[in-house]
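Descriptive analysis of the structure
One-letter residues, chain by chain:
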Amino acid sequence: MWNPFVAIHDGLERTKDRLSSLEQRINRSTFGRVFRLEGSGHPKTIQGASFFREIRAGMTTFATMAYIIAVNASVLADSGGTCECPPGTPVGCPDDLSMKMCQDALKRDMITATAALAGLASVLFGFLTNLPVALGPGMGLNAYFTYQVVGWHGTGPIPYRIALTAIFVEGFIFMFLALTGMRQWLVRMIPATIKTACGVGIGLFLTEIGLSYTAGIGAITGGFATPLAIGGCPPGMLDGSAQCKGQIMANPAMWIGIFIGGIFVAFLMAFKVKSAIVIGIALVSILSWPRNTSWTYFPYTEEGEFRYQFFRQVVAFHPIETTLAVQQWDLSGTSGAQFALALVTFLYVDIIDCTATLYSMAKFCGVVEEDGDFPRSTVAYCTDAACISIGSLFGCSPVTCFIESGAGIAEGGRTGLTAISSGCCFLLSLFFAPILASVPPWATGATLVLVGCLMIRQVININWQYIGDAVPSFVTLAFMPFSYSVAYGLIAGMMVYIVLNTMIWSVVKLTGGKVTPANWQDKEVYHFGFGRQDLPGWARFIHRKIFGEHITEVVRKDGIELADCDSTINHGSRSASAEPKQIHLLPGRRHHRPMDYDLPSLD
């Protein structure tokens, strides 16, 4: 007797076998060899990397990043862009109708620019570096650009056009620093315990984002008497200071995000269900689209109506009209000083933020080598720098790698195919932006919390035994979420590390080693990481050609290797061997070079 359930099961099994066979053929092809997929025959095959798994991971990364299409456009539109206040209006012209109309056009331009830039940068970065890291206009950097540099409606110290000029030049400076090995040296000079703390801090930062209203489930909000306050109320119950006036933790959308986007996804991950994160985001999004519910993303309000009218278009494309290549190159008069101020401001924030975030993502996917570097690091830093300059031509704030890439890595992404598929989704969103930009923040908020959970596992690898390493590491990981900035967290940690360890070193040196702090033997040896052996590959090649000698490679352990992130699959490491690496701290030891034994950190 014919059984429909058996027939469906057999059909699904046949489809699964065909897809598996297709995947194996792709993995063994030249295409698979380019990206070093498992079974490709490449000598440096990445174990566990397969075509469909990388595509799923890329879709996951895109789903967690899709909010930037609308949020970045909204933030940058607050700068006023190329819009100008009519003469005689108050500063910022808050109630001027022409300014509001100009801002509406600017916001639509920024939606297109954000999607195009994130797509182009991610595809380029994935192809050139083979790393599963997506790029886009940085969320913290766009707020810094809008509210501290250009100012609300252009009321800041630096005009919008000059700020874009500074960003364009900044990209070339970053490229020069990468080619000369300075950006790599910046990573090497950071103590390994603080680099580990950066990954933990970014995990906490992601968790805070996932709990917020802007890009998360809305469980917390800014407080008045306290820095943070419990949230969870419907958006309509937020007062002027963004605090809940009532109905705390009563928002149905938040609970849908928690139970379906969080707990249900974690349940699927426990059984290694493929695409668990994508399933959770899709389910919450679909549930949030009907209008006649208390958790709809399209409520009957002015903002909800605006979203719904955009959503109804399904397919739409808006060309950039007002922000394309609008840099001001005439730097005479006060413009020169404004340009210099903007350039210095962006340089010190971006170089730390972009470099630290990229390094932490490389470490999260397990590609950091023993010398503290990762494959194609120079290409990665140069591509990142080039995209910063390209982004300024689109009228956007600096481009950086996104910490949300951790969601794709947790889903199994190990190669540049993950970044490329994320980029392709962004490029498709140029035409399907109404659908893809309508993923509500509570659909992805719990995902970011889960990724934060995966990243915080590194905390056990911080050297808690010696206070000279423990305190700076804690300051780093705590300051990142509380300052809402990766750069400020790293700056705070390095400042404490230098001051504290210099004071300890002075006492030990002046007493001839007779007075030492507790657990002095557990300190981690610090190395400045800037010698001939630290030169970039091209510089070492030229040195060998000219002087005919080889520069000795010095093996320095970069703290710890991140364990495989087997959230939905059993990942392999980025080496030919699939054996898991042991997590351990290297014992403190002294080098025979000057300065190697003076300051504590990890060798």
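That block above? That's the structure.
**Overview of the state of the cysteines**
Scanning all chains against the criterion turns up 2 disulfides. Between Cys83 and Cys102 runs a disulfide, and the two sulfur atoms are separated by 1.9 Å. The S-S bond linking Cys83 to Cys102 shows a torsion near -90°; that makes this disulfide left-handed. Of this pair, Cys83 sits in the loop between α4 (67–77) and α5 (97–129) while Cys102 sits in helix α5, and the two are 19 residues apart along the sequence. The disulfide partner of Cys233 is Cys244, and the S-S distance across this bridge is 2.1 Å. The sign of the -85° torsion about the S-S bond sets the Cys233-Cys244 disulfide as left-handed. Of this pair, Cys233 sits in the loop between β3 (228–230) and α10 (252–270) while Cys244 sits in the loop between β3 and α10; the two residues are 11 residues apart in sequence, bridging distant segments of the chain. Exposure class is identical for Cys233 and Cys244. Each is buried.

**Description of the pattern of salt bridges**
Within the structure shown, the criterion is met by 1 salt bridge. Two residues, Glu305 and Arg291, come together in a salt bridge whose shortest N-O distance is 3.1 Å. Of this pair, Glu305 sits in helix α12 (residues 302–312) while Arg291 sits in the loop between α11 (276–288) and α12, placing them 14 residues apart in sequence.

**Considering the nonpolar core**
Note on soluble globular proteins: their nonpolar side chains tend to be buried together. Counting residues in each nonpolar core, the largest one holds 100 residues, and the members touching the most others are Phe145 and Phe346. Considering each element in turn, this core owes the most residues, 14 residues, to helix α13 (residues 334–364). Once residues within four sequence positions are removed from consideration, Phe346 is found in contact with Tyr144, Phe145, Val149, Ala163, Ala166, Ile167, Glu170, Ile351 and Pro398. Counting 20 residues, the second largest nonpolar core, distinct from the first, contains Phe311, Trp442, Ala443 and Leu450.

**Some points on the packing of aromatic side chains**
Any two aromatic rings considered together are summarised by their centre-to-centre distance and by the angle between their planes. Scanning the model with the defined rule gives 18 aromatic pairs in all. A ring pair is formed by Phe168 and Trp329, whose centres lie 5.6 Å apart and whose planes are at 85°; its orientation type is edge-to-face. A residue pair is termed long-range when its members are at least 10 positions apart, and Phe168 in helix α7 (residues 160–179) and Trp329 in the loop between α12 and α13 qualify at 161 residues. Ring centres 6.5 Å apart and planes at 25° place the aromatic pair Phe264 and Phe267 in the stacked group.

**Topic: the packing of α7 against helix α14 (residues 377–393)**
Contact geometry for α7 and α14: axes closest at 8 Å, N-to-C directions at 170°. Taken as axis vectors, α7 and α14 run roughly antiparallel relative to one another. In this structure, α7 uses Leu164, Ile167, Phe168, Glu170, Gly171, Phe172, Phe174, Met175, Ala178 and Leu179 to contact α14, whose residues at the interface are Thr378, Tyr381, Cys382, Ala385, Ala386, Ile388, Ser389, Ser392 and Leu393. Residues that form the contact of α7 with α14 fall into these classes: 14 nonpolar, 4 polar and 1 charged.

Procedures and definitions
Residues numbered from 1 in each chain as written. Predicted model: local features only at pLDDT ≥ 70, side-chain atom pairs only at ≥ 80, totals over all residues. Heavy atoms only, no water. Disulfide = S-S within 2.5 Å. Helix = DSSP H or I, 4+ residues; strand = E, 2+ residues; numbered from the N terminus. Buried < 20%, exposed > 50% of the residue type's maximum accessible area, 1.4 Å probe, protein only. Salt bridge = Lys/Arg side-chain N within 4 Å of Asp/Glu carboxyl O. Core = buried A, V, L, I, M, F, W, Y, C linked by side-chain atoms within 4.5 Å. Contact = heavy atoms within 4.5 Å. Phe/Tyr/Trp six-rings, centres within 6.5 Å; stacked < 30°, edge-to-face > 60°. Axes fitted to C-alpha atoms, helices over the stretch in contact; angles between N-to-C directions. Parallel < 35°, antiparallel > 145°, perpendicular 65-115°, else oblique. Nonpolar A, V, L, I, M, F, W, Y, C, P; charged D, E, K, R; others polar.

Note that every value here comes from positions in space, so none of it alone points to a role or purpose.
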